[in-house]
Every structure is written in C-alpha cells, then in structure tokens.
Amino acid sequence: MMPKLEIICRILILLIACGFRELSCVNVFNINPSKGPQTGGTEVTISGSDFHRGKTSCRFGSGTSTETALFFSDSKISCVSPPSADLGAVSLEVSIDSSASLDSFTNSGVFFFYQAFPSVNSLQPSAGPQLGGTQITLKGDGFENDQDSFCRFLLAENNYIAVPTRWLGPSEIICTSPTSDNVGLVTIDVTNNALDFSVTSVFFAYRLPESIGFIVPSLGPILGGTNISVYGRNFVNSDSLACKFGNIIAKANFVNESCIICFSPSLSEGIWIVEVSNNLVDFSNNLVDFKVYALIDIEE
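Remember, predicted model here, so these are calculated numbers, not experimental data.

**Student:** Hey, could you run me through the overall build of the protein chain in this one?
**Tutor:** When you go through the protein chain residue by residue, the secondary structure sums to one helix and 26 strands. Across the protein chain, the fraction of contacts at a sequence separation of at least 24, relative to all contacts at a separation of at least 6, is 61%. Roughly 16,200 Å² of accessible area belongs to the protein chain as shown, and the carbon and sulfur atoms make up 54% of that amount.

Shown next as structure tokens:
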C-alpha cells in the first residue's frame with residue numbers, strides 16, 4: 001500500500017496545481033482552428049479536460065475581457081474569438097470559475113493566431129470551360145501563405161467546392177477551377193483558415209468547352225499572314241479569343257459560335273498544331289495540323 005504521507009503529498013500537489021478550487025484540473029490540450037481573422041467571429045473548438053457546464057469561459061490574450069463558452073462535454077467546448085487590435089499570436093486559456101478572475105484561468109500555453117481578413121476584388125480569367133482546370137488569378141488583400149487557405153466555388157445552392165490556393169503574395173493567389181455540372185455564373189470567395197470566408201466575392205462563368213473540327217486552308221507559307229477559317233464549336237466573342245500555333249498565340253476574329261478567323265504568324269517550315277481558346281488560358285486539345293512551307297525562289 002502507498003504510505004499515508006505520500007498520499008497526503010500527492011493530494012497537496014494536486015490542490016496547489018488546481019488553485020485549491022477542485023480536485024480535478026481544467027486544462028487546454030488543443031484548439032481548432034488555431035487561427036482566424038482580426039475582425040473576430042471565429043468559432044474555436046477547444047479540447048481539454050474537466051470543463052464544467054454553465055460556468056466555463058475563455059480568454060483570448062492577456063486582457064480582462066472573457067468569452068462565455070458553449071459546453072459540449074467535460075472535454076470539449078467552443079468559444080467565439082473577439083476582435084483584436086493586433087495581428088499575431090495570443091494565448092487562449094480557460095476558466096471554470098464563475099467569477100472568471102484573472103488568476104482562475106489555465107496556463108496551458110495554447111495560442112490562437114489573429115490574421116488579416118482576406119478580401120478579393122478581381123480575377124483573371126473571368127470565365128473558363130465547364131470541364132474545370134482553369135488557372136484563375138485572384139487579386140485582393142490579406143491572403144496568407146497557409147495550408148488552410150482555400151478558394152470556395154458556389155456551384156449550386158448549398159453546393160460548395162473548396163480548392164487550395166497557390167500563394168503569389170498578400171494581394172495575389174491562384175486557384176484551379178473544379179469541374180461543374182452546369183454552365184453559368186458562380187461565386188468565388190477566399191479563406192485563410194478553412195472556416196471564415198471573405199465577405200467579398202467575385203463571379204466566374206462556366207462555359208461549354210471550345211473545340212476545333214477543321215481549318216481552311218490547312219497550309220501556308222513561313223512568312224505568315226495566311227487567313228485561316230477555323231471551324232468548331234462554342235467560340236465566344238471576346239477580347240481573349242485566340243488561336244495558338246504550337247506555343248505562339250495569335251488573336252482571333254469572331255464570326256459566329258462555330259467559326260473564327262486567325263492569321264498565321266511567321267513560322268518555321270513544318271507541321272504546327274493549332275488550338276483555340278476563349279480566355280487565353282485554356283486551349284482546346286484537338287491536335288489540328290497546319291502545314292508551313294518554305295517559299296521557292298524562281299530564277300529568271
């Protein structure tokens with residue numbers, strides 16, 4: 001059996017650790033999410049031990065203001081982050097003392113990070129094929145280089161798809177459009193913590209994918225300038241309508257949804273693959289050949 005003196009010592013240590021309030025100690029193990037916008041309003045789930053219904057509160061940082069916790073169980077609560085004057089890390093501690101006095105809070109060393117609230121105001125391109133895969137550059141402010149940063153596409157009512165962002169800077173990111181079952185406008189917003197999305201959003205238009213059936217003529221000289229009629233489907237009358245010869249892009253002129261006109265650029269002799277695009281980003285993949293021939297000098 002454990003000696004009486006050792007039992008008494010252990011009880012005293014426990015009482016001291018818990019501030020003589022209870023024989024069980026409240027503690028914070030982890031939080032999710034661990035970050036949120038400076039404007040506040042993030043619902044943070046807190047995992048720990050010995051939480052009590054009705055009198056558990058949270059404190060973000062070293063201030064005197066506290067937030068009432070929503071109780072789920074003795075090991076799970078949630079609190080809503082208050083606004084913060086500063087960006088960066090603050091401690092998140094919990095008290096089960098109904099008075100919520102400063103010395104009643106835990107000292108678990110768990111931190112919540114305040115971030116800038118993202119906003120988005122423009123995108124390029126503003127349209128792409130229904131098949132998805134469009135690399136969309138979004139511009140705005142407050143973007144974070146974070147694994148929890150996402151673009152969210154509202155494809156239909158209550159049908160959201162979130163895709164990871166590629167960070168270019170605090171005011172520029174890239175997102176890849178997902179596949180959509182429908183054509184038409186969708187909204188895109190942004191988050192830095194996989195939970196709180198920007199209030200501002202932008203519109204992206206899903207279109208039927210463009211394609212080439214054939215071109216006339218299918219050959220021309222190396223000097224370029226050949227007037228080529230491109231026949232296909234789903235062409236759009238826009239400033240971004242283009243033909244591509246290999247990796248060389250040439251502006252296209254819209255005739256109708258099934259015909260456009262392109263002028264061949266100066267090219268080296270050989271076979272060049274021609275594709276078309278409605279947005280200068282996504283090109284068809286029909287592998288249509290255009291043959292380029294050298295001019296023959298005729299001596300007198």
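Moving on, there is more to tell.
**Student:** Please clarify how the environment of Ser-126 should be interpreted in this entry.
**Tutor:** Locating Ser-126 in the fold gives a position in the loop between strand 10 (119-124) and strand 11 (127-129). Accessibility expressed as a relative area gives 41% for Ser-126, which makes it partly exposed. Ignoring anything within four residues of it in the chain, the contact list for Ser-126 reads Phe-203, Phe-204 and Ala-205.

**Student:** Can you help me understand the side chain of Thr-191 in this one?
**Tutor:** Tracing the backbone through its elements, the reader meets Thr-191 in strand 17 (residues 184-191). Thr-191 gets classed as buried once you look at its relative accessible area, which sits at 0%. In this structure the side chain of Thr-191 is engaged in a polar contact, spanning 3.0 Å, whose partner is the side chain of Asn-193. Excluding its chain neighbours within four sequence positions, the residues that come into contact with Thr-191 are Pro-118, Asp-148, Ser-149, Phe-150, Asp-196 and Phe-197.

**Student:** Looking at this model, I keep getting lost on the side chain of Arg-152. Mind explaining?
**Tutor:** Structurally, Arg-152 is set in strand 13 (residues 150-156). A distance of 2.7 Å separates a polar atom in the side chain of Arg-152 from a polar atom in the side chain of Asp-189. For Arg-152, the residues in contact, after removing those within four places along its chain, are Tyr-160, Ile-161, Ala-162, Thr-187, Ile-188, Asp-189 and Phe-197.

**Student:** Sorry if this is basic, but what is going on with the state of the cysteines here?
**Tutor:** Cysteine pairs can be covalently joined through their sulfur atoms, and such a bond is termed a disulfide. Taken as a whole and judged by the stated rule, the model has three disulfides. Cys-58 shares a disulfide with Cys-79; S-S distance 1.9 Å. As the torsion about the S-S bond is roughly 70°, the Cys-58-Cys-79 disulfide counts as right-handed. Of this pair, Cys-58 sits in strand 4 (residues 57-60) while Cys-79 sits in strand 7 (residues 76-80), placing them 21 residues apart in sequence. Take Cys-58 and Cys-79: they sit in the same class, and that class is buried. Covalently, Cys-151 is tied to Cys-175 through a disulfide, its sulfur atoms 1.9 Å apart. Taking the sign of the S-S torsion, 65° for the link of Cys-151 and Cys-175, the bridge is right-handed.

**Student:** Would you take a moment to explain the pattern of salt bridges for this structure?
**Tutor:** Side chains bearing opposite charge may pair, as long as their charged atoms lie close to each other. With the rule as written, the count across this model stands at three salt bridges. Lys-35 is paired through a salt bridge with Asp-148; the nearest N and O atoms lie 2.9 Å apart. Taken together, the positions of Lys-35 in strand 2 (residues 35-37) and Asp-148 in the loop between strand 12 (135-141) and strand 13 put the pair 113 residues apart, joining distant regions of the chain. Residue Lys-35 is classed as buried on the basis of its relative accessible area of 10%. Judged by its relative accessible area of 23%, Asp-148 is partly exposed.

Criteria and thresholds
- Residues numbered from 1 in each chain as written.
- Predicted model: local features only at pLDDT ≥ 70, side-chain atom pairs only at ≥ 80, totals over all residues.
- Heavy atoms only, no water.
- Helix = DSSP H or I, 4+ residues; strand = E, 2+ residues; numbered from the N terminus.
- Contact = heavy atoms within 4.5 Å.
- Areas by Shrake-Rupley, 256 points an atom, 1.4 Å probe, with all protein chains shown as cover.
- Buried < 20%, exposed > 50% of the residue type's maximum accessible area, 1.4 Å probe, protein only.
- Polar contact = N/O pair within 3.5 Å; in protein donor to acceptor, adjacent residues only side chain to side chain.
- Disulfide = S-S within 2.5 Å.
- Salt bridge = Lys/Arg side-chain N within 4 Å of Asp/Glu carboxyl O.

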